Amino acid sequence: MEKREQIYEGKAKKVYATDDKKCYVVSYKDDATAFNGEKKGTIVGKGVVNNRMSNIMCQMLANHGIETHFIKELNERETVVKAVEIVPLEVIVRNVAAGSFSKRFGVEEGTVLQNPTIEFCLKNDALQDPMINDYQILALGIATREELDVMTEMTFKINTLLKEYFAQIGVKLIDFKIELGRYEGRIILADEISPDTCRFWDAETNKKLDKDRFRRDLGGVEEVYQEMLARITK
């Protein structure tokens, strides 16, 4: 397979066309951003960790019936994925109050929610990814009712599988963000699962093992990314 021109660059990844119209190559960067791009920096080795970890997670989810975009890991930073049409929504699941959820609702960070919640945000950097509800999504033609139902059911199933997986390696899954897309008429997972997109806390100490260490200037950022990869590859 031949990697061709770059067709997209986001905060954490570049996407390239290939000589196969059904496939893209995703390349993971070390660039780090927070607060809708207001804070910028570099986390050395982040792209390597996120690429490897995401591919391991995609394969685990696929083994439990979740279709993902993953096809093949090319090298430590690049992976071949299905050429998915991304639904322009960020889908956020929260199991424990943290970050913006705590601020918006005045809930102490670390409060275990009585049930997982789901939020949709419009994927639009210029508008700072505003929250959007089902009715607004339908009104704007972003997704159909059937697609939204599939997305919701799939996301909650992913949450259950991830919580169980991470619990086995001593990690609490606090919350996470994913993106979904259309591929040959089906909705599939089309995003990374990594310390960039998930909040991970150590199950015993509540030590933060994710990008919050960058957001909040806690230090040890590279170390916790490496620690998360080490935990899932033991």
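Given the structure is predicted, the values throughout are model-derived calculations rather than measurements. (Residues numbered from 1 in each chain as written. Predicted model: local features only at pLDDT ≥ 70, side-chain atom pairs only at ≥ 80, totals over all residues. Heavy atoms only, no water.)

Asks: How would you sum up the overall build of the protein chain? Please name residues and give values.
Replies: Check the secondary structure of the protein chain and you find 6 helices and 14 strands. The globule rule puts the C-alpha radius of gyration for 234 residues at 17 Å, and the 17 Å found for the protein chain is close to it. Expressed as a percentage of the 234 residues in the protein chain, the buried residues total 52%. A separation of at least 24 residues holds for 55% of the contacts in the protein chain among residues at least 6 apart in sequence. In the structure as shown, the protein chain presents an accessible area of about 11500 Å², 50% of it carried by carbon and sulfur atoms. The distance from the centre of the 35 positive side-chain charges to the centre of the 39 negative ones in the protein chain is 1 Å. (Helix = DSSP H or I, 4+ residues; strand = E, 2+ residues; numbered from the N terminus. Rg over C-alpha atoms; globule rule 2.2 N^0.38 Å. Buried < 20%, exposed > 50% of the residue type's maximum accessible area, 1.4 Å probe, protein only. Contact = heavy atoms within 4.5 Å. Areas by Shrake-Rupley, 256 points an atom, 1.4 Å probe, with all protein chains shown as cover. Lys, Arg positive; Asp, Glu negative; His and termini not counted. Charge placed at Lys NZ, Arg CZ, Asp CG, Glu CD.)

Asks: Before we move on, could you go through the nonpolar core and cite the residues and values that matter?
Replies: Within soluble globular proteins, side chains that are nonpolar tend to cluster in buried spots. In this structure, M57, L61, I158, L162, F166 and F200 are the most contacted members of the largest nonpolar core, which totals 46 residues. In terms of residues, this core owes the most to one element, helix α4 (residues 145–167), which gives 8 residues. If we skip the residues at most four places from it in the chain, L162 touches M57, M60, L61, L173, F176 and I193. (Core = buried A, V, L, I, M, F, W, Y, C linked by side-chain atoms within 4.5 Å.)

Asks: Report on the pairing of strand β2 (residues 13–18), specifying residues and quantitative values.
Replies: Taken residue by residue, a regular strand's side chains alternate between the two faces of the sheet. In terms of burial, β2 is largely enclosed, as 5 of its 6 residues are buried. For strand β1 (residues 3–9) and β2, the ladder comprises 4 bridges, and the chain directions are antiparallel. Across the sheet, K3 pairs through a bridge with T18, a residue of β2. Adjacent in sequence and paired antiparallel, β1 and β2 are bridged by 3 residues. (Pairing = 2+ DSSP bridges.)

Asks: Before we move on, can you summarise helix α1 (residues 46–62) with the specific residues and values?
Replies: End to end, α1 covers 24 Å across 17 residues, agreeing with the expected 24 Å (1.5 Å per residue, within 8%). Within α1, 13 of the 17 residues are buried, which leaves the element mostly enclosed by the surrounding structure. (Expected span 1.5 Å × (residues − 1).)

Asks: Got a sec to walk through the packing of α1 against α4? Specific residues and values, please.
Replies: Between α1 and α4, whose axes approach to 11 Å, the crossing angle comes to 115 degrees. Relative to α4, α1 is oriented roughly perpendicular. In this structure, the crossing between α1 and α4 has a hand that is right-handed. Together, M53, I56, M57, M60 and L61 of α1 and I158, L161, L162, Y165 and F166 of α4 make up the contact between the two elements. Residue composition of the contact of α1 with α4, by class: 10 nonpolar, no polar and no charged. (Axes fitted to C-alpha atoms, helices over the stretch in contact; angles between N-to-C directions. Parallel < 35°, antiparallel > 145°, perpendicular 65-115°, else oblique. Left-handed = near helix turned anticlockwise from the far one by under 90°. Nonpolar A, V, L, I, M, F, W, Y, C, P; charged D, E, K, R; others polar.)

Asks: Can you lay out the side chain of R94 for me, pointing to particular residues and giving the numbers?
Replies: Assignment of secondary structure puts R94 in strand β9 (residues 89–96). Given the relative accessible area of 4%, R94 is considered buried. Looking at R94, its side chain comes within polar contact range of the side chain of E119, at 2.9 Å. Non-local contacts of R94, meaning those with residues more than four positions away in its chain, are made with S100, F101, R104, L113, N115, P116, T117, E119, I174, D175 and R199. (Polar contact = N/O pair within 3.5 Å; in protein donor to acceptor, adjacent residues only side chain to side chain.)

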